[in-house]
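Topology and contacts: notes
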Amino acid sequence: MIEIRGAGPAAPEDPGPSWVGAVARGFRNRCPHCGEGRVFGRFLKVRHACEACGTELHHHRADDLPPYLVIFVVGHVVGLAVLETEMRLDDVPLWFQMTFWPAVALAMSLLLLQPAKGAVVGLQYALGMHGFAAIRRGRAAAAPGAEVQDGEGNGRDDPEGGRARGGPGDGAGLHRA
Ligand SMILES: [Zn+2]
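Below: a short report on this structure. (Residues numbered from 1 in each chain as written. Predicted model: local features only at pLDDT ≥ 70, side-chain atom pairs only at ≥ 80, totals over all residues.)

**A short note on helix 3 (residues 94-126)**
For helix 3, spanning 33 residues, the distance from its first C-alpha to its last is 46 Å, which sits close to the expected 48 Å at 1.5 Å a residue. Maximal helix bending in helix 3 amounts to about 35°, located at L112; proline P115 follows within four positions. Those residues of helix 3 that sit buried are A116, K117, G118, A119, V120, V121, G122, L123, Q124, Y125 and A126. Looking one or two residues beyond helix 3, the residue adopting positive phi is G128, at roughly 65°. (Helix = DSSP H or I, 4+ residues; strand = E, 2+ residues; numbered from the N terminus. Expected span 1.5 Å × (residues − 1). Bend = angle between axes of the 7 residues up to and from the residue. Buried ≥ 20, exposed ≤ 12 C-beta atoms within 10 Å, placed from the backbone.)

Structure, rendered in structure tokens:
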């Protein structure tokens with residue numbers, strides 16, 4: 001249960017991917033940790049753990065952010081396209097506008113939803129948010145004498161980690177500043 005680093009006893013000082021790399025891996029339905037295993041078991045069902053490296057993926061709390069991002073992008077693209085069509089083309093039949101653009105919006109949404117969620121999972125992994133902080137801490141602990149250093153964590157790991165783990169003495173009074 002506490003087995004977080006599937007890499008095993010090796011991998012003493014793995015800095016992990018950059019946050020851009022982790023987001024890109026998630027966007028491509030790849031594990032943000034190793035880039036090999038898949039994030040999703042079904043359409044939007046995140047696997048419990050990576051099938052390749054064993055990194056636990058169930059820590060993610062993507063929640064409503066992926067659909068929000070998808071709505072933001074699709075709304076702007078389709079909305080602009082509708083307006084441009086109306087302004088630039090004459091005699092576009094109403095039935096076309098009322099059927100074509102909703103279909104485009106639906107197709108774009110379905111295509112973007114999984115990549116968006118994967119990217120959010122990758123971002124949460126890269127920032128060490130929620131239970132992912134334990135992975136970062138475990139990696140730092142594996143490197144003796146090293147503080148939590150992960151390139152681009154910006155020290156954000158500490159309050160998040162304390163909050164997520166709920167360890168004794170920390171976390172309780174350490175709400176987000
Ligand atoms: Zn993996």
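Now, onward.
**Regarding the nonpolar core**
V23, A119, L123 and A126 are the most contacted members of the largest nonpolar core, which totals 21 residues. Elements with a contribution of two residues or more to this core: helix 1 (19-27), helix 3 and helix 4 (132-142). (Core = buried A, V, L, I, M, F, W, Y, C linked by C-beta atoms within 7 Å.)

**Section: the environment of S109**
In this fold, S109 is placed in helix 3. In this structure, the C-alpha to C-alpha distance between S109 and V73, residues 36 residues apart in sequence, is 9.0 Å. Each residue touching S109, except ones within four places of it in the same chain, is listed here: V70 and V74. (Contact = placed C-beta atoms within 7 Å.)

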